[in-house]
Amino acid sequence: MFKPIFLFASTLSLLALSLPTSKAEAKDTLMPQSQVVRGLKGECRTVFQGVDIEPFPFEILGNMKGMLGPGLDVYLAQLSGSKAGYTGVVAGMSGSPCYIDGKLIGALSYRFGTFTKEPIAGITPIQDMLKIFDIPERSSKPSQQVYIPAPYSVNADSSSRKTPVASGRVQFEGSAMDFKAIATPIAISGISPEVLSQYQPQLDKLGFHTVMGSSGGNQGHPEAPRKLEMGGAIAGQMVRGDISISGTGTVSYVDGDRVLAFGHPFFGAGYVKIPMATAYIHHILVSATGSYKMAEDGREVGAITQDRVTAIA
């Protein structure tokens, strides 16, 4: 039962339509990429607990040219401050908007290393993220995808199970380098831990951080925000009901009813249409192997329609 649900989830994207919000947020001045150089300091914004958006400082260490592909750069940054310095780069921080001198430069999106002694992260330039708004929300060549489940004996045999590969996800791992998108925490409720354990290795290989979660039902957590804000939590609802499966990140940019988040792909699925909701952050569980946000969905506020290399929208 879980596998087809998960494959349906793989159509998630990061271009989303939300309830109307203040267009003032989209009027933030953007800093040209040529001006983002080593030594500049600024602040990113995210939710550490509840719904309050809090700033945390960072310093630019350099510009990694072409790291995501031709013409797609990543700013290298070191996080600091009492909270980010303690938690490190947190799964769920993906999309946190980052500013220098009040000018938006991009979204926190990548992490370097696993057992590092300092929180080193990558920032996707906002200019590359905004290009997603130029992509039509629907493919010019609609297609129908039919899922045909494998026999039960194949699903039950872990030795014969194949892990699907999500296109568009960037991950280089080795003894000398470890660079990957900040893991998306996938909160799952309504499924026993024994069942979840059968699929967790597959989800981990796709770059997700799988955790047992809680569900607020169709209305979501009662204290979750009613609308999306830059720096606030956002959830892609893959399954909603007795079984709940959702991935949590951070809103990077809001322009009326258009939203950008994550700063990296969810599944890299391209055109999608998946329910999108606000989220409530219960706590950040700090771990040397990778801290993550413990979140619960809020109310549905729109649909994710794009899942691209530089963001979901």
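Residues numbered from 1 in each chain as written. Predicted model: local features only at pLDDT ≥ 70, side-chain atom pairs only at ≥ 80, totals over all residues. Heavy atoms only, no water.

A. Examining the overall build of the protein chain more closely. Within the protein chain, the secondary structure is distributed over five helices and 16 strands. Taking all 313 residues of the protein chain together, the buried fraction comes to 52%. Sequence separation of at least 24 residues holds for 71% of the intrachain contacts in the protein chain that already meet a minimum separation of 6. Just so you have it, the protein chain exposes about 14,200 Å², and 54% of that area is on carbon and sulfur atoms. (Helix = DSSP H or I, 4+ residues; strand = E, 2+ residues; numbered from the N terminus. Buried < 20%, exposed > 50% of the residue type's maximum accessible area, 1.4 Å probe, protein only. Contact = heavy atoms within 4.5 Å. Areas by Shrake-Rupley, 256 points an atom, 1.4 Å probe, with all protein chains shown as cover.)

B. The side chain of S252, seen in detail. Topologically, S252 is positioned in strand β13 (residues 244–255). Judged by relative accessible area, S252 falls into the buried class, the value being 2%. Among the polar contacts made by the side chain of S252, one reaches the main-chain carbonyl oxygen of G95 at a distance of 2.7 Å. Every residue in contact with S252, bar those within four places of it in the chain, is listed here: G95, P97, A107, M129, M230, L260, A261, F262 and G263. (Polar contact = N/O pair within 3.5 Å; in protein donor to acceptor, adjacent residues only side chain to side chain.)

C. Summary view of the side chain of E296. Considering the arrangement of structural elements, one finds E296 in strand β16 (residues 292–307). Despite being buried, E296 has no salt bridge partner; R299 is the closest side chain of opposite charge, sitting 11 Å away. Polar contacts involving the side chain of E296 include one to the side chain of H282, which spans 3.0 Å. (Lys, Arg positive; Asp, Glu negative; His and termini not counted. Salt bridge = Lys/Arg side-chain N within 4 Å of Asp/Glu carboxyl O.)

D. Representation of helix α5 (residues 193–205) in the model. Taking 1.5 Å as the rise per residue, α5 with 13 residues should run 18 Å; its terminal C-alpha atoms sit 18 Å apart, in good agreement. Following α5 by one or two positions, G207 has its phi on the positive side, about 95 degrees. (Expected span 1.5 Å × (residues − 1).)

E. Quick peek at the nonpolar core. In this structure, L260 and F266 are the most contacted members of the largest nonpolar core, which totals 38 residues. In terms of residue count, β13 provides more of this core than any other element does, four residues in total. In this structure, M31, F48, I60 and V90 belong to the second largest nonpolar core, which totals 22 residues. (Core = buried A, V, L, I, M, F, W, Y, C linked by side-chain atoms within 4.5 Å.)

F. Seen up close, the confidence of the model for the protein chain. Across the protein chain, the average pLDDT comes to 81, with 78% of residues at or above 70. Mean pLDDT across the elements of the protein chain bottoms out in helix α1 (residues 2–9) (39) and peaks in strand β5 (residues 97–100) (98). Here residues 1–24 scores under 50 on pLDDT; set against residues more than four positions off or in separate chains, the count is 98 contacts. Contacts of residues 158–177 to residues separated by more than four positions or lying in other chains number 37 contacts, the stretch itself having pLDDT below 50. (pLDDT = per-residue confidence, 0-100.)

G. Region of interest: the pairing of β16. Of all 16 residues in β16, 13 are buried; the element is thus mostly enclosed. Taken together, the twelve bridges between strand β15 (residues 270–285) and β16 define a ladder with antiparallel strand orientation. Of the residues in β16, the one forming a bridge with P275 is A303. Where β15 folds back onto β16 in an antiparallel hairpin, the turn is made up of six residues, including G290, whose phi is positive at roughly 145 degrees. (Pairing = 2+ DSSP bridges.)

H. Representation of the pattern of salt bridges within the structure. Tallied over the full model, the rule gives six salt bridges. In this structure, the salt-bridge partner of D73 is K65, at a minimum N-O distance of 3.5 Å. Assessed through its relative accessible area of 65%, K65 is described here as exposed. The closest approach of N and O atoms between R258 and D255, which form a salt bridge, is 2.8 Å.

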